[in-house]
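Structural overview
Residue-level listing of the chains:
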Amino acid sequence: CRQCKTKLSWQYPVVEALNGVLWVLTFWFCGMTWDSLLACFLISALLVLSVIDWRTYEIPLGINLFIAILGMINLLVHRDQWLMHALGFFCVSMLLLLLYWLTKGKGIGGGDIKLMAAAGLFLGWQLVIVAFLFGCLYACVIHIARMKLTDAGSVLALGPYLSAGILTAVWFGEPIIQWYVNLLH
């Protein structure tokens, strides 16, 4: 197939096609804005992160740094919301860091902590909480189903689930927050 005569893995066209679909859906749900373009870059990073974490149980530092840079760009674009984004950096990641310390690294990985810090910088404190809650919900439901239906063990790569939660927050976070606020009143 290629010059080196090795076959191209099915993974590459599937991931590329999924990336394209996610970009189109992002513009569909979020509109044709610069914020949507930044979100598309975030989603591409989350897709790569998810594939790598699923296979290796490790989230590359470079991807988390890329997401943090996107967060800083987003912060520069929305300077009036700097506090919301700064708090987003800390609110979930500090909770995960505490869990990491309490379990001596057996309850959560360092890459997951960094991911939620970088995502919090990008999303702000309200949306990163939505992302975390949905990521945990996805992890519980999907991984329990995987354990029941397959021979999957109890150890899981949390990155793909957190990424799905972040995607949920990007696409639907504002309406979810508004629904919750209305529910309280």
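See the structure printed just above.
Residues numbered from 1 in each chain as written. Predicted model: local features only at pLDDT ≥ 70, side-chain atom pairs only at ≥ 80, totals over all residues. Heavy atoms only, no water.

Structural notes on a nonpolar patch on the surface
Applied cut-off: Residues form patches when they are more than 30% accessible in relative terms and have no salt bridge. Like charges link within 9 Å. Nonpolar side chains (Val, Leu, Ile, Met, Phe, Trp, Tyr) link within 5 Å. What sets the accessible areas is the Shrake-Rupley method with a 1.4 Å probe; for residues, cover comes only from the shown protein chains. For this analysis, a salt bridge means a side-chain nitrogen from Lys or Arg found within 4 Å of a carboxyl oxygen belonging to Asp or Glu. In this text, helices come from DSSP runs of H or I with a minimum length of four residues, and strands from runs of E with a minimum of two, each type numbered from the N-terminal end.
A grouping of W82, L83, L87, W125, I129 and L133 is seen on the molecular surface, where their side chains present a nonpolar patch of about 590 Å² in accessible area. Sorting the residues of the nonpolar patch by element identifies helix 4 (82–102) and helix 6 (125–149) as the ones contributing at least two each. Relative to the helices and strands, L83 is located in helix 4.

Remarks on the side chain of D112
Stated precisely, the cut-off is as follows: Working definition: with a 1.4 Å probe on protein chains only, accessible area under 20% of the residue-type maximum means buried, over 50% means exposed, and in between means partly exposed. We treat Lys and Arg as the positive residues and Asp and Glu as the negative residues; His and chain ends play no part in the count. Residues count as neighbours in contact if any of their non-hydrogen atoms are within 4.5 Å of one another.
Topologically, D112 is positioned in helix 5 (residues 110–123). K114 provides the closest opposite charge to the buried, salt-bridge-free D112, at an N-O distance of 10 Å. With near-sequence residues (within four places) excluded, D112 lies in contact with D53, I59, L96, L158, G159 and L162.

A word on the packing of aromatic side chains
For any pair of aromatic rings, geometry is given as the distance between the ring centres together with the angle between the planes. As a reminder of what qualifies: Geometry of aromatic contacts follows a simple scheme: Phe, Tyr and Trp rings, the Trp one being its six-membered ring, pair when their centres are within 6.5 Å, and the pair is stacked under 30 degrees between planes, edge-to-face over 60, tilted otherwise.
Within the structure shown, the criterion is met by seven aromatic pairs. On the numbers, 5.5 Å between centres and 90° between planes, the contact of W23 with F41 is edge-to-face. Of this pair, W23 sits in helix 1 (residues 11–30) while F41 sits in helix 2 (residues 34–56), placing them 18 residues apart in sequence. When the centroid spacing of 4.9 Å and the interplanar angle of 80° are considered together, the rings of F89 and F90 count as edge-to-face. Owing to a relative accessible area of 31%, F89 belongs among the partly exposed residues under this scheme. The exposure class of F90 is partly exposed, given its relative accessible area of 44%. Each member of the aromatic cluster is reached from another via a ring pair, and the members are F29, W171 and F172.

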